[in-house]
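# Tertiary structure, described
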Amino acid sequence: MQVYDIREISGGVYWVGARDWNRRLFDALIPLPQGTTYNAYVVRGSEKTALIDTVNPGFEEELEARIRLVADAEGLDYVVMNHAEPDHAGAIPHVMKLSKDASLVTTEKGAKMAQIYFGVPQERIIIVNDDDTIDLGGKTLKFIEAPWQHWPETMFTYLVENKVLFPCDFLGFHTAYGSYGDEIEEFVPFAQRFFGEILMPFRKMGQKALEKIEALDIEFIAPSHGPIHRDPERILNLYRTWTAGDTREKVVVVYVSMWNSTEAMIKAMVDSLMAEGIEVSLHNLVNADLGDLARDLVDSRGIVLGTPTVLGGMHPLAIYAAHLVKALRPPLKYGVVLSSYGWGGGAVKQAAEILGPTKIEVVGAVDVHGPPTDDVYQQIADLGKQLTDKIKGQA
Ligand code: FEO
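Every value quoted in this text rests on a predicted model; they were computed, and no experiment measured them. (Residues numbered from 1 in each chain as written. Predicted model: local features only at pLDDT ≥ 70, side-chain atom pairs only at ≥ 80, totals over all residues. Heavy atoms only, no water.)

### Details of the packing of aromatic side chains
The line we're drawing: Each Phe, Tyr or Trp ring (for Trp, its six-membered ring) is paired with any other whose centre lies within 6.5 Å, and the angle between the two planes then decides the class: stacked below 30 degrees, edge-to-face above 60, tilted in between. Helix and strand assignments follow DSSP, with helices taken as H or I runs no shorter than four residues and strands as E runs no shorter than two, numbered in order from the N terminus. Per-residue accessibility, obtained with a 1.4 Å probe over protein chains only, is compared with the maximum for each type, and a residue is labelled buried under 20%, exposed over 50%, and partly exposed between these values. By definition here, charges over rings are those cases where NZ of Lys or CZ of Arg is within 6 Å of the ring centre and within 35 degrees of the ring normal.
Counting across every chain of the model gives 12 aromatic pairs. For the ring pair phenylalanine 170 and tyrosine 239, a centre distance of 4.9 Å and an interplane angle of 75 degrees mean the geometry is edge-to-face. Of this pair, phenylalanine 170 sits in the loop between β15 (164-166) and α5 (188-199) while tyrosine 239 is found in helix α7 (residues 232-244), placing the two residues 69 residues apart along the sequence. With a relative accessible area of 0%, tyrosine 239 lands in the buried category. Here the aromatic residues Phe156, Phe170, Phe195, Tyr239 and Trp242 are joined through ring pairs into a cluster of three or more. One cation-aromatic arrangement involves arginine 7 over tyrosine 180; the distance from NZ or CZ to the ring centre is 5.9 Å. Positioned above the aromatic ring of phenylalanine 187 is the side chain of arginine 234, whose terminal nitrogen or guanidinium carbon lies 4.3 Å from the ring centre.

### Re unusual backbone geometry
With phi around 50 degrees, aspartate 27 is a residue other than glycine that occupies positive phi space. Inspection of the secondary structure puts aspartate 27 in the loop between β4 (25-26) and β5 (30-31). Under the relative-accessibility criterion, aspartate 27 is labelled partly exposed at 40%. Despite not being glycine, leucine 171 shows a phi value in the positive range, around 75 degrees.

### Brief notes about the pairing of strand β8 (residues 49-52)
This is how it is decided: Note on pairing: DSSP must find at least two bridges between two strands before they are called paired.
Of the two faces of β8, the one lined by Thr49 and Leu51 and the one lined by Ala50 and Ile52 are each fully buried. Relative to β8, strand β7 (residues 41-44) runs antiparallel, the two sharing 4 bridges. For valine 42, the partnering residue across the bridge sits in β8 and is leucine 51. Where β7 folds back on β8, the antiparallel hairpin that results is connected by 4 residues. Sheet topology places β8 next to strand β9 (residues 78-80); 3 bridges connect them, and they run parallel. Its bridge partner lying in β9, isoleucine 52 is registered against valine 80.

### Points about the domain arrangement of the protein chain
Quick reminder of the rule: Either an automatic procedure or a domain database provided the assignment from which the domain bounds are taken. Note on contacts: a residue pair is in contact if any heavy atoms of the two residues lie within 4.5 Å. Take the accessible area each of two parts loses on contact, using a 1.4 Å probe, and add the two losses: that sum is the buried area. A pairing counts as a salt bridge when a side-chain nitrogen of Lys or Arg comes within 4 Å of a carboxyl oxygen of Asp or Glu. The term polar contact refers here to a pair of N or O atoms within 3.5 Å; inside protein, the definition further demands a hydrogen-donor-capable atom paired with an acceptor-capable atom, and it admits residues adjacent in sequence only when both atoms are side-chain atoms. Amino acids outside the nonpolar list (Ala, Val, Leu, Ile, Met, Phe, Trp, Tyr, Cys, Pro) and the charged list (Asp, Glu, Lys, Arg) are all regarded as polar, and Gly is one of them.
Each assigned domain of the protein chain is listed here: domain 1 (7-243) and domain 2 (251-390). For domain 1 and domain 2, the distance between their C-alpha centroids amounts to 38 Å. Across the contact, 12 residues belong to domain 1 and 16 residues belong to domain 2. Carbon and sulfur atoms supply 63% of the area that domain 1 and domain 2 bury against each other, a total of about 1,200 Å² over both sides. Viewed at the interface, domain 2 and domain 1 are joined by 2 salt bridges. Measuring nitrogen to oxygen at the nearest pair gives 2.8 Å for the salt bridge that ties aspartate 292 to arginine 193. Counting across the interface, domain 1 meets domain 2 through 5 residue pairs in polar contact (both at pLDDT 80 or more). Sorting elements by how many residues they give to the side of domain 1 that touches domain 2 places α5 first, with 6 residues. Taken together, the residues of the side of domain 1 that touches domain 2 sort by class into 7 nonpolar, 2 polar and 3 charged.

### Notes on the sheet that holds β9
Heads up, the rule is: Lines are fitted to the C-alpha atoms to define the axes, a helix being fitted only along its stretch in contact, and any angle between axes, read from their N-to-C directions, falls within 0 to 180 degrees.
Read from one edge of the open sheet, 7 strands run β1-β2-β7-β8-β9-β10-β11, paired in mixed fashion. Strands with a single pairing partner mark the edges of an open sheet, and in this sheet they are β1 (8-10) and β11 (125-127). If you compare each strand with its neighbour and ignore which way they point, the axes differ by 25 degrees on average. Sheet topology places strand β2 (residues 13-15) next to β7; 3 bridges connect them, and they run antiparallel. Across the sheet, tyrosine 14 pairs through a bridge with valine 42, a residue of β7. Relative to the sheet, helix α4 (residues 108-118) contacts β10 (103-106) and β11, its axis offset from that of β11 by approximately 160 degrees.

### Let's talk about the packing of helix α10 (residues 316-328) against helix α11 (residues 347-355)
How we decide: Roughly parallel means an angle under 35 degrees; roughly antiparallel, over 145; roughly perpendicular, 65 to 115; everything else is oblique. Helix crossings are classified by the rotation of the near helix relative to the far one: an anticlockwise turn of less than a right angle makes the crossing left-handed, while a clockwise turn makes it right-handed.
Axis separation between α10 and α11 bottoms out at 9 Å; the angle between their running directions is 20 degrees. By the criterion of interaxial angle, the relationship of α10 to α11 is roughly parallel. Crossing hand, α10 versus α11: right-handed. Contacts between α10 and α11 involve Ile319, Ala322, His323 and Lys326 from the first element and Gln350, Ile354 and Leu355 from the second. Classifying every residue of the contact of α10 with α11 by side-chain character gives 4 nonpolar, 2 polar and 1 charged.

Below, the structure written as structure tokens:
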């Protein structure tokens, strides 16, 4: 294929990745409203050349075409695998076949994955540990182990002389638009949903990763998804907040309703919270974007879960959402459950069972037979006040 964009982001450092404008789903789960990029970079020293990460399967030819514009595709010396997930490592077999003398550089855990997933023979793998370096000739690659960002084997690569950090998934986000973060008018919601979707479960490890790079002099952050950051502090500050689990006076409302009773209860609760100045984000699970929900979980202090009882338990969409909330491990502190049933209850009990192992304190629940009455609305208002007090009482 014909390619033209081989941006030199810093002296001797070239973007050679691929834009996937049409991708709309990741991990068969996460919507990608603006597609994504798989960023790969060529670093040319005076003696050696390295490729940092590769691209998703299906984009091998595009990667190769870009590499050929800036380097000898058959003469790469190193292929750095910061992360083994196939969106970044899927083209490793292709480049290792092209450059028959290239060595794959990765962590110890990464080495096992490279053998299992990509068939890289052990003798072609260089295992690196924290602070190990490779000299390309006037360009030094320094490796920083950063496990669980987003798999156990992940690491960052820092190009010392150019002050460029290559952190793979960390600090990146899904969009095919733009080349630099400052070219995208408002990137925070995209970065936040990416963090919520894949990095939030590993917040503590994210904090450790931030501590490790705190002392580095960083001019550019070149992640493996989305645009390059020319203003590193902006994205770093966001990550400092998100990995710390800092929350706002905000409640995320997640619900599904069959005959409007649960919805009427939810609307009353939302109104009571907003009357107290609480920020609310609402997601009807019938058509919710899970990425938006993940984004709102990053900084919400409370959650309201609304579900009717169906066949003795929660509505299946609500079960799905509750399990997702549990798996993503958001910094939520307080929750309430609102439910309506036709024959007999069961949803509230099941919600408590699913959320029980989390750190969410269930402030209360309202469970009603049929549509809400004036008494029920009063219970909801009272519960809304309790939730508000909790939310406002906690920083
Ligand atoms: Fe973008 Fe965890 O791969």
